[in-house]
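Here is what each chain is made of, one letter per residue.
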Amino acid sequence: MAHASGLSLEQAVQAAMRDNSQMKASRSLVEAAKANLTGQRAPINPMFTYGGLNNSVAPPPTLNVNNPSNYGFTFTVETNGANQWRTSQAANQLRQAQSDAQTAFLNVRQGVTNAYVALQIANRQLGDEREAYADARRIRDLTRKQFDSGAAPQTNAIRADISLTQEVGSLLNQINAVKLARASLNIALGRKPDEPVDATEVLEYSPIHPELQELQDQAAANRPELKSAKYNRDALKANVGLQRSQYYPNLIVGTDLRLVRTGVFLVGFTMPLFDLGGIHGAVTQAKKNAEAQTAEITLTQQQVRQDVQSAYEALVVARGTVEAFEGGMLPQAESLEKKIEQGYVLGGNTILDLLDAQSTLRAARIAYYGAIGSYRQALAQLERAVGAPVNALKTAPAVNPIEGGKR
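This structure is a prediction, so every number in the text was calculated from the model and none was measured.

Given a rise of 1.5 Å per residue, 21 residues ought to cover 30 Å, and the 30 Å separating the end C-alpha atoms of helix α2 (residues 21–41) matches this to within 8%. Of the residues making up α2, those classed as buried are M23, S26, V30, A33 and L37. Each buried residue of α2 lies within a common arc of 75 degrees when the element is viewed along its axis, so the set occupies one face. Turned more than 90 degrees from where α2 packs its buried face, S21 and T38 sit exposed.

Before going further, it helps to spend a moment on the sheet that holds strand β3 (residues 71–77). Here we have four strands laid out as an open sheet, ordered β2-β3-β5-β6, and antiparallel in their pairing. Both edges of this open sheet fall to β2 (47–50) and β6 (265–270), since each of them pairs with a single strand only. On average, each strand axis in the sheet is inclined to that of its neighbour by 25 degrees, with strand direction left out of account. In the sheet, β2 pairs with β3 via four bridges, with the strands oriented antiparallel. Within β3, the residue paired with T49 across the bridge is G72.

Moving on: the packing of aromatic side chains. If you walk through the whole model with that rule in mind, you get four aromatic pairs. Summarising the aromatic geometry, the rings of F48 and F73 are spaced 5.3 Å apart at their centres and angled 55 degrees between planes, so their arrangement reads as tilted. With F48 in strand β2 and F73 in strand β3, this pair connects stretches of sequence that are 25 residues apart. Assessed through its relative accessible area of 49%, F48 is described here as partly exposed. On the basis of relative accessible area, F73 is assigned to the partly exposed category, the value being 36%. Between the aromatic rings of Y368 and Y369, the centroid separation amounts to 5.8 Å while the plane-to-plane angle is 45 degrees, which identifies the pairing as tilted. Comparing Y368 with Y369 shows no difference in burial state: the two are buried.

Moving on to the side chain of Q243. Structurally, the position occupied by Q243 is in helix α6 (residues 224–244). Judged by its relative accessible area of 18%, Q243 is buried. Within the structure, the side chain of Q243 is placed 2.9 Å from the side chain of Q246, a separation counted as a polar contact. If we ignore the near neighbours within four places in the chain, the residues touching Q243 are I279, A282, V283 and A286.

What the rule picks out here adds up to 18 salt bridges. Among the ionic pairs, E78 bridges to R86, the shortest N-O distance being 2.7 Å. In this structure E78 comes out as buried when scored by relative accessible area, which is 17%. For R86, a relative accessible area of 16% corresponds to the buried category. For D161, the salt bridge is made with R144, and the minimal N-O distance between the two is 3.6 Å. With D161 in helix α4 (residues 154–189) and R144 in helix α3 (residues 82–148), this pair connects stretches of sequence that are 17 residues apart.

The next subject is the packing of α3 against helix α9 (residues 351–386). Between α3 and α9, the least distance of the axes is 9 Å, while the angle of their chain directions is 170 degrees. Taken together, the axes of α3 and α9 lie roughly antiparallel to each other. Looking at the contact of α3 with α9, its residues break down into eleven nonpolar, eleven polar and eleven charged.

As a further point, take the side chain of S26. Relative to the elements of secondary structure, S26 occurs in helix α2. One polar contact links the side chain of S26 to the main-chain carbonyl oxygen of M23, over a distance of 2.8 Å. In contact with S26, not counting residues within four places along its chain, are A101 and A104.

Where burial is concerned, most of strand β5 (residues 250–256) is hidden: five out of the seven residues are buried. With six bridges joining them, β3 and β5 adopt antiparallel strand pairing. Within the sheet, the bridge partner assigned to F75 lies in β5 and is V253. Across six bridges, the pairing between β5 and β6 is antiparallel. By the bridge assignment, G254 is partnered in β6 with L266.

Let's shift gears to the environment of A314. Tracing the chain through its elements places A314 in helix α8 (residues 278–346). Judged by relative accessible area, which is 26%, A314 ranks as partly exposed. Residues A314 and A378, 64 residues apart in the sequence, show an inter-C-alpha distance of 6.0 Å.

Now for the environment of T165. Structurally, the position occupied by T165 is in helix α4. Overall, T165 belongs to the exposed group, its relative accessible area being 55%.

If you look at the biggest cluster of nonpolar residues, it comprises 30 residues, and the most contacted ones within it are L315, V322, Y368, Y375 and L382. The set of elements that each furnish at least two residues to this core consists of α3, α5 (212–222), α8 and α9. Residues A104, A122, L171 and A199 belong to the second largest nonpolar core, which totals 24 residues.

At their nearest, the axes of α5 and α9 sit 7 Å apart, and the two run at 55 degrees to each other. Comparing the axis directions of α5 and α9 gives the class oblique. Here α5 contributes L215, Q218, A219 and N222 to the contact with α9, which in turn contributes L382, A385 and V386. In terms of residue class, the contact of α5 with α9 is made up of five nonpolar, two polar and no charged.

Criteria and cut-off values
For every chain, the first residue of its written sequence is number 1, and the numbers climb from 1 along that sequence. Predicted model: local features are reported for residues with pLDDT of at least 70 only, side-chain atom pairs are reported and counted for 80 or more only, and whole-chain, interface and lining totals are derived from all residues. With hydrogens and water set aside, each side-chain value is computed from the structure's full complement of heavy atoms. What counts as a helix is a DSSP run of H or I of at least four residues, what counts as a strand is a run of E of at least two, and both are numbered from the N terminus. Here the expected span of a helix is defined as 1.5 Å times the quantity of residues minus one. Buried residues are those whose accessible area, probed at 1.4 Å on protein chains only, stays under 20% of the maximum for their type, while exposed residues exceed 50% and partly exposed ones sit between those limits. Think of the arc as the fan of directions from the helix axis to the C-beta atoms. By this definition, two strands are paired if DSSP reports at least two bridges between them. Axes here mean lines fitted to C-alpha atoms, for a helix over just the part in contact, with angles spanning 0 to 180 degrees between N-to-C directions. Any two rings among Phe, Tyr and Trp, with Trp reduced to its six-membered ring, count as a pair given centres within 6.5 Å; such a pair is stacked if its planes are under 30 degrees apart, edge-to-face if over 60, and tilted if neither. Whenever two N or O atoms come within 3.5 Å, that pair is a polar contact, provided that in protein one can donate a hydrogen and the other can accept it, and provided that, for residues adjacent in sequence, both atoms are side-chain atoms. The contact criterion used is simple: two residues touch if any of their non-hydrogen atoms lie within 4.5 Å. Any carboxyl oxygen of Asp or Glu that lies within 4 Å of a side-chain nitrogen of Lys or Arg is treated as forming a salt bridge with it. Roughly parallel here means an angle under 35 degrees, roughly antiparallel means over 145, roughly perpendicular means 65 to 115, and every remaining angle is called oblique. Note that Gly is not counted as nonpolar here; it falls among the polar residues with everything else outside the nonpolar set of Ala, Val, Leu, Ile, Met, Phe, Trp, Tyr, Cys and Pro and the charged set of Asp, Glu, Lys and Arg. Put simply, a nonpolar core is a bunch of buried Ala, Val, Leu, Ile, Met, Phe, Trp, Tyr and Cys residues held in one set by side-chain atoms that sit within 4.5 Å of each other.

This is the structure in structure tokens:
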């Protein structure tokens, strides 16, 4: 198997920004919106006509292509304000596309973080399974010696062999779990599933205690969905003015190839003679679309508040679960396993007692690492809900979950 390419979480996020298809699509949409703004900002293109000014073009075979009076140029000056409204609409559409790109970034970052944490959990559990396999093999060897010397019954040796076989299966399953976690991280990064990849950072617990109201305020200021919705509303409002501009005249100027000396110079304007309902309908539709978007902004604001509330509650629950393991179940399971193993060596406990204690400790550790992973993923959910990194996370002390708080 190829050597895994180790990444920190920040490196993984940066790789996803470069390679993830969702990020590539969002960048393309921003570039498209920029091009649209350039096009909408430009005035109407000058028009070249043949026989458009004097209507003196003779039909074949008397067609005279050398007669300069048969060629004309016209240029429309948008005195109705349409250029201004189109530019405003396109500018807001660009801002909306940029905000949507920020939303894509938040989604990708959360997805990468979740996949990275899942790989950290799988790596940590693989380490535990290897230790458990080593312990099972050591107990098997010890039990065989006891049986061979007559100090233990054959049933102890059989149970030890069964336990070792079970650990082999668990170890193989966990090795496969790591492979699947690596594949999931690669997909989140935008790579092929079988690319070499691994997490270089260990799974750590860094508790924070943010205030809910501060998080709500931060989300109201940062969430790009809110900005996108407002820019969309502004673009729709500009479309109202654009549709209404059809009521007003545009100036037209033109000339033929004879130009100034003997040529025809045209000055005029164009405007609808009367509206049969097309312009009125377009204006009304644009107004209603803008009104609907205003309602959508309110819904988005409510959704953002709900997102923050849900993420905050998930964080509190995950933090409580981790601390419950640290304060009780995990150290008790570790102490119990050590005492029973000592008692087994001295003959005070049975092999069933030892196997049960080892199983309890292994289950406690698996659940503990899963709780830390849930906490880290709850943090990622909270940062997604807020729309920016949670400031308290940067200053919280990091705690190694196994070595008693040592780094």
